[in-house]
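One letter stands for each residue in the lines below.
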Amino acid sequence: MEYNLQKQHDKGKLHAIERINTLVDPGSFMEIYSGVKHNCTSFGMDKKEIPYDGVITGFGTIRGRKIAIYSQDFTVQGGSLGKMHGDKIAELISKAIDSRCPVIGINDSGGARIQEGVNALAGYGNLFYQNVRASGYIPQISIIAGPCAGGAVYSPGITDFIFTIDKISYMFITGPKVVKSVMFMDISEEELGGGAVHSQKSGVTHFRCVDEHDCYDRVKRLLDYIPHYYGDKRASASFSYEAEGKANAIARLLPERSTQGYDMKKVIECIVDDESFFEIASEFAVNVIIGFGRIEGRTIGVIANNPSGLGGIMDCDASDKAARFVRYCDAYDIPLLTLVDIPGFIPGPQEEQKGIIRHGAKLIYAYSEATVPKVTVITRKAYGGAYIAMCSKHLGADFVYAWPNAEIAVMGAEGAIQILYAKQLKDPSQQTLVEEKLKEYRETIMNPKTAAECGYISEVIDPVKTRERVVKSFNFLDGKHSTDCIIKKHGNIPL
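Figured I'd write up the structure that's included with this text.

Here's the deal with the overall build of the chain
Each helix and strand in the chain was counted, giving 20 helices and 17 strands. Relative to its length of 495 residues, the chain is compact, with a C-alpha radius of gyration of 26 Å against a globular reference of 23 Å. Looking at the chain as a whole, 51% of its 495 residues are labelled buried. Nonlocal contacts in the chain, meaning residues at least 24 apart in sequence, comprise 74% of its contacts between residues at least 6 apart.

So this is what it looks like as structure tokens:
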């Protein structure tokens, strides 16, 4: 098979076949359906030869484990998707479901093949249907290695993880030309749907890479963490843990003032195996952190409020980000570690009008529905409904631990006293009483001892002992089986 490599190289891009060969183990790729031809006769298409109908499909291995992969070839009819093109990808995904292996899709296409009309749309529909069939059974990874426009964006949108590449990736429902004709707005592809837009603002994508090789290296790393199919029981990887240094570090992480920010990623790094934390969607909704880590070589999912990002407060985007990750981990039986330092859900008309109630409910739903082992550590604040939403015992956490200075209450002391003693605050002569009530509230309401006495906290622990507690908890919960099963078709998550 001859490929037009130079045409892609001139654009600073790898060719479709080079992309596949960069990802898979040398010599492992087995192409299928290379002889497929389009059957369109309109607008002179009967005279056009489109090799492999513009997409290379097949199977291979990455680090010895089988994967299915397809790569659209922009040098062939702009990588446009026609009926046979879409059906090739759909058939590949169907075979991957049967063979129980991940699917990697490399998108580089001008969109639907206009000459084929509704048949091109049928190709997309068949592809979307297989994406949904595969969801939760085999991982689906999308790489945006060129334009991805119109209906084409919905296949990556259904998949589990989306990678973009700076100055190469573009995703949008309608391109700049249509935006200009309809909205009279001049906008570039980069401004409309470049990698930065979707990694920082829309949250559509999970990884933004500096170049193609960085992208493919990160895809391989991701595959090292996740099960390759539902039920895949991967053996523990080798690990190291620098216990003494991390114990000293975690003991010093909390600042003196409870209103002062700190980097929760450092807490995560003190708990998981050395250099094992692999963050996801690091540029979007930075007030919550999600990613994979390892505990004694076994993969866990980590969700953590980030006090250095908006004070760790929960908004619509953070709720969505965390909820979707919880559901992914639960789908593949990946245990969940939740680190809590949250002052609440964000107040104000902007987030209320965006639907913070609905978005926050997604997080509550996701945690409540998850049946995997769930361990929660409250490092500092846990206020109000946000305390409940961040995998409290009430949502089915198996163990909830709290550091000694944790504050667990409906709200902070100052806010509570303003409500309880509003009249006294207006009277200067009552200031001593107010101070006494502030102290009383902190001592009797906010400390973790109160929650522990009610059985809501499994144990109040020294921060230095956090890793040990987490390890022992997950070891105990290994093989957890939920017996609470209400027979129904499925619940109705507040999408």
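Moving on from the coordinates now.
Things to note about the nonpolar core
Soluble globular proteins tend to pack their nonpolar side chains together in the buried interior. The biggest cluster of nonpolar side chains holds 76 residues, and the ones touching the most others in it are Ile-104, Ile-143, Phe-163, Phe-292, Ile-303 and Ile-378. When residues of this core are assigned to their parent elements, the largest contribution, seven residues, is made by helix H12 (residues 316-331). Residues Cys-270, Trp-403, Val-471 and Leu-477 belong to the second largest nonpolar core, which totals 26 residues.

Description of the side chain of Thr-159
Relative to the helices and strands, Thr-159 is located in the loop between helix H5 (154-158) and strand S7 (161-165). At a separation of 2.8 Å, a polar atom in the side chain of Thr-159 contacts the side chain of Ser-142. Within the structure, Thr-159 has its side chain in polar contact with the backbone oxygen of Pro-156 (distance 2.6 Å). If sequence neighbours within four positions are ignored, Thr-159 has contacts with Asn-131, Gln-140, Ser-142 and Arg-324.

Describing the pairing of strand S11 (residues 288-295)
Buried residues dominate S11, accounting for eight of its eight residues. The side-chain alternation of S11 yields two buried faces, one formed by Val-288, Ile-290, Phe-292 and Arg-294 and the other by Ile-289, Gly-291, Gly-293 and Ile-295. Bridge count for strand S10 (residues 278-280) against S11 is three bridges, and the pairing is antiparallel. The residue bridging Phe-278 from the neighbouring strand is Phe-292, located in S11. In the sheet, S11 pairs with strand S12 (residues 298-305) via eight bridges, with the strands oriented antiparallel. Each residue of the ladder has a partner; that of Gly-291, found in S12, is Val-302. Adjacent in sequence and paired antiparallel, S11 and S12 are bridged by two residues, among which Glu-296 carries a positive phi angle near 50 degrees.

Observations concerning a nonpolar patch on the surface
A surface patch of nonpolar side chains, amounting to about 370 Å² of accessible area, comprises Val-178, Val-182, Met-183 and Met-185. Accessibility expressed as a relative area gives 57% for Val-182, which makes it exposed.

Considerations on the packing of helix H10 (residues 243-251) against helix H11 (residues 264-271)
To describe two helices that pack against each other, one gives the angle between their axes and the distance between the axes. Across the interface, H10 lies against H11 with an axial gap of 9 Å and an inter-helix angle of 150 degrees. Regarding the angle of H10 to H11, the classification is roughly antiparallel. Helix-helix and strand crossings are classified by hand; for H10 and H11 the assignment is left-handed. Residues Lys-246, Ala-249 and Ile-250 of H10 touch H11, and the partners they reach there are Val-267, Glu-269, Cys-270 and Ile-271.

Observations concerning the packing of aromatic side chains
Enumeration over the complete set of coordinates arrives at 13 aromatic pairs. Seen in terms of ring centroids, Phe-399 and Tyr-401 are 6.1 Å apart; in terms of plane orientation they differ by 10 degrees. Their pairing is stacked. In textbook terms, an aromatic cluster arises when at least three aromatic residues are bridged by ring pairs, as seen for Phe-161, Phe-163, Phe-207, Tyr-225, Phe-278, Phe-292, Phe-325, Tyr-328 and Tyr-332. Across from the ring centre of Phe-74, 5.1 Å away, lies the NZ or CZ of Lys-13, which sits over that ring. Sitting over the ring of Tyr-229, Arg-100 keeps its end group 4.2 Å from the ring centre.

Quick look at the sheet that holds strand S2 (residues 55-62)
The strand order across the open sheet formed by seven strands is S1-S2-S3-S4-S5-S7-S9, and the pairing between neighbours is mixed. Of all the strands in the sheet, the pair left with one neighbour each is strand S1 (30-32) and strand S9 (207-209). Across the sheet, the axes of successive neighbouring strands diverge by a mean angle of 20 degrees, strand direction being ignored. Across three bridges, the pairing between S7 and S9 is parallel. Counterpart to Ile-165 in the pairing with S9 is Cys-209.

What counts as what
Along each chain, the written sequence defines residue order, and numbers are assigned to residues from 1. With the structure being a predicted model, the display of local features is reserved for residues of pLDDT at least 70 and the display and counting of side-chain atom pairs for 80 or more, all residues being used for whole-chain, interface and lining totals. In computing side-chain values, all of the structure's heavy atoms are included and hydrogens and water are not. Each helix corresponds to a stretch of at least 4 residues labelled H or I by DSSP, and each strand to a stretch of at least 2 residues labelled E; elements are numbered beginning at the N terminus. Each radius of gyration reported is based on C-alpha atoms, and the globular scaling rule is 2.2 Å times the count of residues to the power 0.38. Buried residues are those whose accessible area, probed at 1.4 Å on protein chains only, stays under 20% of the maximum for their type, while exposed residues exceed 50% and partly exposed ones sit between those limits. Only heavy atoms enter the contact rule, under which two residues are in contact if any of them lie within 4.5 Å. In plain words, nonpolar cores are sets of buried Ala, Val, Leu, Ile, Met, Phe, Trp, Tyr and Cys residues tied together by side-chain atoms within 4.5 Å. Nitrogen and oxygen atoms within 3.5 Å of one another constitute a polar contact, given that in protein one can donate a hydrogen and the other can accept it, and given that sequence-neighbouring residues count only through two side-chain atoms. When DSSP locates at least two bridges between a pair of strands, those strands are taken to pair. Residues form patches when they are more than 30% accessible in relative terms and have no salt bridge. Like charges link within 9 Å. Nonpolar side chains (Val, Leu, Ile, Met, Phe, Trp, Tyr) link within 5 Å. For the area figures, the Shrake-Rupley method with a 1.4 Å probe applies, and any residue is considered shielded solely by the protein chains shown. Any carboxyl oxygen of Asp or Glu within 4 Å of a side-chain nitrogen of Lys or Arg constitutes a salt bridge here. What counts as an axis is a line fitted to C-alpha atoms, over the stretch in contact for a helix, and the angles between N-to-C directions run from 0 to 180 degrees. Angles are sorted into four bins: roughly parallel if under 35 degrees, roughly antiparallel if over 145, roughly perpendicular if 65 to 115, and oblique for all others. Here is the rule for handedness: rotate from the far helix to the near one, and if that takes an anticlockwise turn smaller than a right angle the crossing is left-handed, while a clockwise turn gives right-handed. Pairing of aromatic rings covers Phe, Tyr and the six-membered ring of Trp, with a centre-to-centre limit of 6.5 Å; geometry is then stacked below 30 degrees between planes, edge-to-face above 60, and tilted otherwise. Put simply, a charge is over a ring when the Lys NZ or the Arg CZ is close to the ring centre, within 6 Å, and near the line of the ring normal, within 35 degrees.

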